[in-house]
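Tertiary structure, described
Chain residues, written in single-letter form:
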Amino acid sequence: MTYLKEKTKQYLIHHNQTPSLTTMSAQKAREMRSKYPPIHVQSGKLAAIENRAVAARDGYPIPVRVYKPIGEGPFPVILYYHGGGWVLNDLNTCHISCSLLAEKAGAIVVSVEYRLAPEYKFPVPLHDAYDAFLAINKGIEGLQTNGHVYVAGDSAGGNLAAGVTLLAKEGGLTIDAQVLLYPVTDLSYDSSSYLTYGEGYGLDRAVMKWFGNYYIRTSADAENPLLAPIHAELAGLPRAFVLVAENDVLRDEGLAYAKKLEQSGVHVKQSIAAGLVHSFFTKNEVFEEEIHQTIDEIAAFLKGR
């Protein structure tokens, strides 16, 4: 029997009254999202928040938002990639969660606004994600970093974070840890959790296919290890914190990825968010307590506890 927290049930009642993304274009979906009212909940206590840009390989200025914790430093850096199926959302989507992460982890968080599909299909968003990592790895003026770099993201952002670790391994560069929150790791849409939670649980199977079809160029992309990392060689990747939501189409592929990482010799901390659904980590107005709990888990993992 499916277990849902009471607040999850109330969230789904509201969510399931909104039009399905499959009924509209990407641009229309973005316009609908832009009309959502602002969120009024407590953000993290920080020294500063700055909007900057770093250069992509083609010269495009990738917007980033830098969250600086209170303290003397130097600090580790967490690159964060927002979710949204590679099609939707921006720096504001994960703003409050990133501020809380910076505070609780005692880290500089750099949130990355990669370019979106379908205007920019795979691999452009991944290249933006990696180019932002390269820029941070080289050092940005004014950031008091201690040389430790982590990557993190939720959903499609978790997918990009996983892809960045693979590219960094290819390039002989070090990432100290990866934090993958209900990540996309496969584009087959046929796991048991896809069948169980494929409709009415916050991320429908049809919507996930809508995202995937906008992102890929050809069907071959769906099996590219940089897009579907479940197909990649995972030995030698950084230690991983992998969280899945209990009632989510992406649950089983996240668990399968964690298992494959472990079997490949990677240290893995796995967490299942009981009673929750997809995208809870950035729904601060509904899941504030659960977000704090998740960030506490992430902070403990990054600090080696």
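Our subject is the structure that appears above.
A short tour of the structure in this document, coming up. (Residues numbered from 1 in each chain as written. Predicted model: local features only at pLDDT ≥ 70, side-chain atom pairs only at ≥ 80, totals over all residues. Heavy atoms only, no water.)

Examining the packing of aromatic side chains
- All told, the structure shown has 12 aromatic pairs when counted by the stated rule.
- Judged by centre distance (5.3 Å) and plane angle (65 degrees), the rings of W210 and F211 are edge-to-face.
- With a relative accessible area of 11%, W210 lands in the buried category.
- Site record: aromatic cluster; members linked through ring pairs are Y11, Y182, F280 and F287. (Phe/Tyr/Trp six-rings, centres within 6.5 Å; stacked < 30°, edge-to-face > 60°. Buried < 20%, exposed > 50% of the residue type's maximum accessible area, 1.4 Å probe, protein only.)

Concerning the nonpolar core
- Residues L79 and Y81 are the most contacted members of the largest nonpolar core, which totals 109 residues.
- Among the elements that line this core, the one with the most residues is helix α5 (residues 156–170), at 8 residues. (Core = buried A, V, L, I, M, F, W, Y, C linked by side-chain atoms within 4.5 Å. Helix = DSSP H or I, 4+ residues; strand = E, 2+ residues; numbered from the N terminus.)

Concerning the layout of surface pockets
- Size it by volume and the largest pocket reaches roughly 1400 Å³.
- Around the largest pocket, the lining is made up of 43 residues, and of these R33, Y36, N89, T93 and K283 lie nearest the centre.
- Among the secondary structure elements, those contributing two or more residues to the lining of the largest pocket are α1 (6–15), α2 (26–34), α3 (95–105) and α7 (205–215).
- Its residues assigned to classes, the lining of the largest pocket comprises 16 nonpolar, 20 polar and 7 charged. (1 Å grid on protein atoms, 1.4 Å probe; cavity = no way out; pocket = protein on both sides within 12 Å on 5 of 7 lines; lining within 4 Å. Points joined across faces, edges and corners; volume = space filled by probe spheres on them. Nonpolar A, V, L, I, M, F, W, Y, C, P; charged D, E, K, R; others polar.)

Here we look at α3
- By the criterion of burial, α3 is predominantly enclosed, with 8 of the 11 residues buried.
- Those residues of α3 hidden inside the fold are in contact with β2 (61–68), β3 (75–81), β4 (108–112) and α9 (288–302).
- Of the residues trailing α3, G106 is marked for its positive phi of about 60 degrees. (Contact = heavy atoms within 4.5 Å.)

Any functional reading would require information beyond the geometric quantities listed.
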